[in-house]
Amino acid sequence: QQMSAVQLIALASTVSLLAGWRLYLVTFVVGLGMKLGWLALPAQLHGLDVLASNWIIGIAAVGAVAEFFADKISWVDSVWDTVHTIVRPIGGALLSMAIIDGNSAAWQVGSLLLGGSAALLAHAGKAGTRSLINVSPEPFSNVAVSTGEDVTTIGLLALAMSHPIASTAIALVLVTLSLWLIVAARRAVRGLLGRSHRKADDTETI
């Protein structure tokens, strides 16, 4: 059964959002699944055939392994996220274009903007949340959050192939939650710093 236009857009949105977290893992899983026939992708997704290339799968595999370990080390993760501020949105945009595969220029531009924006949103949520966690001196929280992102990415990617609208809704909730946590945490930090400054001023006055 072929996907409707709404389902294709939902699938493109989910894949793009996940690319903002794990670009190489998403590219590797989709490409390998297509090559080995694990994924029952609809006929409209012929634009993704390039992902089944041995070269693309190999590069994505190396990138996924590198990201897996880089993401578990606090300072390396921060540098990695900074470097991929541009890479992930571009990757998400290209994945979105490949999935929607519009026949008109309007659809192509729309899918490019959709994918890039979704990947950038997810990347901002990930990088911002992790930057707060990475300041912790103990490594366990960073490893736990990173592993959770790995599992979530694979789970939502699998769900996107069969229920793209549901997977998009879940992904959007998670991204929105991460962005809210960033804002809440920064407000809390500013509040603590403000109280510290006031106490210091009171001490100097006395």
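Residues numbered from 1 in each chain as written. Predicted model: local features only at pLDDT ≥ 70, side-chain atom pairs only at ≥ 80, totals over all residues. Heavy atoms only, no water.

S.K.: Which residues make up the overall build of the protein, and what are the values?
M.R.: Counting secondary structure elements, the protein contains six helices and zero strands. Starting at the N terminus and walking to the C terminus, you meet the elements of the protein as α-α-α-α-α-α. Considering only contacts in the protein between residues 6 or more positions apart, those separated by 24 or more positions represent 73%. Carbon together with sulfur atoms contributes 73% to the accessible area of the protein, which is approximately 11,000 Å² in total. (Helix = DSSP H or I, 4+ residues; strand = E, 2+ residues; numbered from the N terminus. Contact = heavy atoms within 4.5 Å. Areas by Shrake-Rupley, 256 points an atom, 1.4 Å probe, with all protein chains shown as cover.)

S.K.: Give a detailed account of the packing of helix α3 (residues 74–100) against helix α4 (residues 105–133), specifying residues and quantitative values.
M.R.: Direction vectors running N to C along α3 and α4 enclose 155 degrees, while the axes themselves pass 7 Å from each other. With respect to their mutual orientation, α3 and α4 come out roughly antiparallel. α4 is crossed by α3, and the crossing has right-handed handedness. In terms of residue class, the contact of α3 with α4 is made up of 10 nonpolar, nine polar and five charged. (Axes fitted to C-alpha atoms, helices over the stretch in contact; angles between N-to-C directions. Parallel < 35°, antiparallel > 145°, perpendicular 65-115°, else oblique. Left-handed = near helix turned anticlockwise from the far one by under 90°. Nonpolar A, V, L, I, M, F, W, Y, C, P; charged D, E, K, R; others polar.)

S.K.: Requested: an account of helix α2 (residues 54–70), with residues and values cited.
M.R.: For an α-helix, 3.6 residues make a turn, and residues three or four places apart therefore share a direction. End to end, α2 covers 24 Å across 17 residues, agreeing with the expected 24 Å (1.5 Å per residue, within 8%). Regarding α2, the residues found buried are Ile57, Ala60, Gly63, Ala64, Glu67 and Ala70. The buried residues of α2 occupy one face: seen down the axis, they fall within an arc of 155 degrees. The exposed set on the far side of α2, more than 90 degrees from its buried face, consists of Asn54, Trp55, Val62 and Phe69. (Expected span 1.5 Å × (residues − 1). Buried < 20%, exposed > 50% of the residue type's maximum accessible area, 1.4 Å probe, protein only. Arc of directions from axis to C-beta.)

S.K.: An account of the nonpolar core is needed here, citing residue identities and associated values.
M.R.: Across soluble globular proteins, nonpolar side chains show a tendency to be buried alongside one another. Counting residues in hydrophobic clusters, the biggest one holds 25 residues, and the most contacted among them are Val15, Val26, Val30, Leu95 and Leu157. Among the secondary structure elements, those contributing two or more residues to this core are α1 (5–36), α3, α4, α5 (140–162) and α6 (164–205). Per-element accounting of this core gives the leading share, 12 residues, to α1. Core analysis: the second largest hydrophobic core is formed by five residues, Tyr24, Leu25, Ala64 and Trp80 among them. (Core = buried A, V, L, I, M, F, W, Y, C linked by side-chain atoms within 4.5 Å.)

S.K.: How would you summarise the pattern of salt bridges if you had to cite specific residues and measurements?
M.R.: Across all of its chains, the model carries nine salt bridges by this definition. As a salt-bridge pair, Asp71 and Arg22 come within 2.7 Å of each other at their nearest N and O atoms. Here Arg22 lies in helix α1 and Asp71 lies in the loop between α2 and α3, a separation of 49 residues in the sequence. A single burial state applies to Asp71 and to Arg22, both of which are buried. Because the salt bridges share partners, they merge into one network encompassing Arg22, Glu67, Asp71, Lys72, Asp77, Asp81, Arg88, Lys126, Glu149 and Asp150. (Salt bridge = Lys/Arg side-chain N within 4 Å of Asp/Glu carboxyl O.)

S.K.: Tell me about the packing of α2 against α3, and please be specific about residues and values.
M.R.: Viewed as axis vectors pointing N to C, α2 and α3 meet at an angle of 140 degrees, and their least axial separation amounts to 9 Å. Taken together, the axis directions place α2 and α3 in an arrangement best described as oblique. Where α2 abuts α3, its residues Gly63, Ala66, Glu67 and Ala70 lie against Val76, Asp77, Trp80 and Arg88. Across the contact of α2 with α3, the residue classes break down as four nonpolar, one polar and three charged.

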